Amino acid sequence: MPVDQVTETLLVRVAGSSPDHVSALAQCPDDLPPILVHRPTMQVIDGVHRLRAAKLRGDATIGVRFVDGTEEDAFVLAVSTNVTQGLPLALADRTAAASRILTSHPHLSDRLIASTAGLSTKTVAAIRQCSTGEMTQLNTRLGRDGKVRPLDASHGRTIASRAISNNPDLSLRAIARIAGISVGTARDVRERMRRGEDPIPPRHRLSTGHRTESNTPENKAPDNNNGGDNGANGTPRAERDRFLLSLRTDPSLRFSEIGRALLRLLDANTLDATQWDQLAAAVPQRWSPVVADLAMDCAADWSALACRVRGQVSVSA
């Protein structure tokens with residue numbers, strides 16, 4: 001790639017580049033490693049020093065690796081690559097980067113942002129606390145392990161208690177999947193219900209303003225339905241939408257072809273009850289058995305994928 005066709009505006013260093021480091025790189029007789037460039041804007045994500053060194057020694061071209069995605073995602077990738085390789089980022093650079101990531105990606109957990117920016121979790125938490133008035137407030141956070149966890153544990157416990165009431169024979173894993181909680185939390189909810197206790201511990205009721213009246217909307221049993229909106233049949237639609245939003249903004253998925261394919265498949269299979277009814281009604285009667293079998297095959301494939309993904313989490317843990 002010609003050196004004059006990429007720009008250096010996507011900088012993560014508050015004080016700019018280091019002339020000494022550029023000079024040292026320019027004296028290297030070998031080809032410089034490829035730089036990382038954001039394809040939509042042609043901005044350098046990682047490799048500003050290498051680009052300037054190439055210009056300094058008169059190189060006409062430089063090796064380039066392209067990435068796609070939004071500018072916000074590109075900045076996250078720029079920070080993570082500069083933290084782990086090349087000239088180390090100063091504390092001021094890492095702090096400023098964490099603040100910017102918190103603004104553009106408020107759904108990411110403090111621990112994930114800390115590992116990306118090379119800071120401690122406490123430092124990121126303090127930055128978030130100082131900037132909380134300027135940020136979008138979410139009910140969930142995406143962790144380093146890729147799991148989305150609720151900030152308010154009472155919501156998941158409430159869903160779990162409804163699922164258990166509707167179907168006492170559900171396994172703990174099924175309850176955890178439906179409510180978006182851990183198996184341990186699902187076990188605690190079941191044990192509390194067996195003892196006749198509130199499934200939400202007092203500390204959560206006090207901290208979140210949980211209401212225990214049986215006539216409140218939160219405690220009403222969900223209506224039965226045949227679709228994918230909510231209830232004990234799966235993850236509530238609103239939660240699914242939030243999960244998909246988190247997945248779409250994850251650089252590890254956005255910047256790979258297989259990751260984007262996964263996002264497209266998940267989007268295509270996330271329909272509400274009305275849409276599923278419309279699909280069923282559109283199937284010609286003569287093809288109903290065939291479509292039913294194909295749908296069951298697809299369901300089995302998705303179930304197998306779910307088992308594999310959960311198995312990977314278990315192995316990594």
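The notes below deal with the structure included here.

Cut-offs and rules
Counting of residues starts from 1 at the beginning of each chain's written sequence and follows it residue by residue. Residue-level local features of this predicted model are given only where pLDDT is at least 70; pairs of side-chain atoms are given and counted only at 80 or more, and the full residue set underlies all totals for whole chains, interfaces and linings. Excluded from the side-chain calculations are hydrogens and water; all other atoms, namely the structure's heavy atoms, are used. Here a strand is any run of E in DSSP of at least two residues, a helix any run of H or I of at least four, and the numbering for each starts at the N terminus. Three labels apply to residues, based on accessible area from a 1.4 Å probe with only protein chains included: buried if under 20% of the type maximum, exposed if over 50%, partly exposed otherwise in between. The criterion used for residue contact is that any of the two residues' heavy atoms lie within 4.5 Å. Each accessible area is a Shrake-Rupley result for a 1.4 Å probe, and residues are judged covered by the shown protein chains and nothing else. Residues enter patches when they are more than 30% accessible in relative terms and free of salt bridges; like-charged ones are connected within 9 Å and nonpolar ones (Val, Leu, Ile, Met, Phe, Trp, Tyr) within 5 Å. Salt bridges are defined as contacts in which a side-chain nitrogen from Lys or Arg sits within 4 Å of a carboxyl oxygen from Asp or Glu. A helix is expected to reach a length of 1.5 Å times the quantity of its residues less one. A 3.5 Å cut-off defines polar contacts: any pair of N or O atoms within that distance qualifies, except that in protein one atom must be a possible hydrogen donor and the other a possible acceptor, and neighbouring residues in sequence count only when both atoms are side-chain atoms. The aromatic pairing rule takes the rings of Phe, Tyr and Trp, using the six-membered ring of Trp, and pairs them if the centres are within 6.5 Å, calling planes under 30 degrees apart stacked, those over 60 edge-to-face and the rest tilted. Working rule: Lys NZ or Arg CZ, within 6 Å of ring centre, within 35 degrees of ring normal, means a charge sits over the ring. To define a nonpolar core, start from buried Ala, Val, Leu, Ile, Met, Phe, Trp, Tyr and Cys residues and group those joined through side-chain atoms within 4.5 Å. Each axis is a line fitted through C-alpha atoms, taken for helices only over the stretch in contact, and angles between the N-to-C directions span 0 to 180 degrees. For classification purposes, angles smaller than 35 degrees are called roughly parallel, those larger than 145 roughly antiparallel, those between 65 and 115 roughly perpendicular, and all remaining angles oblique. The handedness criterion is simple: a crossing whose near helix is rotated anticlockwise from the far helix by less than a right angle is left-handed, and one whose near helix is rotated clockwise is right-handed. Throughout, the ten residues Ala, Val, Leu, Ile, Met, Phe, Trp, Tyr, Cys and Pro are labelled nonpolar, Asp, Glu, Lys and Arg are labelled charged, and all others, Gly among them, are labelled polar.

On to the overall build of the protein chain, then. On a plain count of helices and strands, the protein chain comes out with 15 helices and five strands. A burial count over the protein chain gives 35% of its 317 residues as buried. Here the contacts in the protein chain between residues at least 6 apart in sequence split such that 64% fall between residues at least 24 apart. Accessible area for the protein chain stands at about 18400 Å²; split by element, carbon and sulfur atoms hold 54% of it.

Before going further, it helps to examine a nonpolar patch on the surface. On the surface, a cluster of nonpolar side chains totalling about 350 Å² of accessible area is made up of W287, V290, V291 and L294. Tracing the backbone through its elements, the reader meets L294 in helix α15 (residues 288-316).

Glancing now at the pattern of salt bridges. Summed over the entire model, instances satisfying the criterion amount to 13 salt bridges. With a shortest N-O distance of 3.0 Å, R39 and D68 are connected by a salt bridge. You can see R39 sitting in the loop between β1 (35-38) and β2 (43-46) and its partner D68 sitting in the loop between β3 (64-67) and α3 (71-84), a full 29 residues away along the chain. D68 sits in the partly exposed class, given a relative accessible area of 27%. R264 is the salt-bridge partner of E257, the closest N and O atoms lying 3.4 Å from each other. Classification of E257 by relative accessible area gives partly exposed; the value is 49%. One network of salt bridges, in which partners are shared, links R157, D188, R192, R195 and E197.

Below, the discussion takes up helix α9 (residues 183-194). For α9, which comprises twelve residues, the first-to-last C-alpha distance of 17 Å matches the rise-based estimate of 16 Å (1.5 Å per residue) to within 8%. Immediately downstream of α9, the backbone of G196 shows phi near 80°, a positive value.

With that out of the way, let us pick up the side chain of T249. Locating T249 in the fold gives a position in the loop between α11 (237-248) and α12 (251-254). A polar contact of 3.0 Å, which involves the side chain of T249, links it to the backbone oxygen of S246. Beyond its immediate stretch of four places on either side in the chain, T249 contacts D73, H105, H107 and R254.

Scanning all chains against the criterion turns up zero aromatic pairs. It is R100 that lies over the ring of F75; its NZ or CZ is 3.8 Å from the centre.

Grouped together as the largest cluster of nonpolar side chains are 24 residues, with contacts concentrated most on I45, V79, I101 and I113. Mapped by element, the contributors of at least two residues to this core are α3, α4 (91-104), α5 (110-117) and α6 (121-131).

Within the secondary structure, H105 is located in the loop between α4 and α5. A polar contact of 2.7 Å, which involves the side chain of H105, links it to the side chain of D73.

This brings us to unusual backbone geometry. Although it is not a glycine, M42 sits at a positive phi angle of roughly 60°. Note on placement: M42 falls in the loop between β1 and β2.

Within the element layout of this structure, V283 appears in the loop between α14 (273-282) and α15. The exposure class assigned to V283 is partly exposed, which follows from its relative accessible area of 24%. Once residues within four sequence positions are removed from consideration, V283 is found in contact with S288 and V291.

The next point concerns the packing of α4 against α5. At their nearest, the axes of α4 and α5 sit 10 Å apart, and the two run at 140° to each other. What the angle tells us is that α4 and α5 run oblique. Between α4 and α5 lies a crossing of right-handed hand. Along the contact surface, α4 presents R94, A98, I101 and L102, while α5 presents I113, T116 and A117. Of the residues assigned to the contact of α4 with α5, the class counts are five nonpolar, one polar and one charged.

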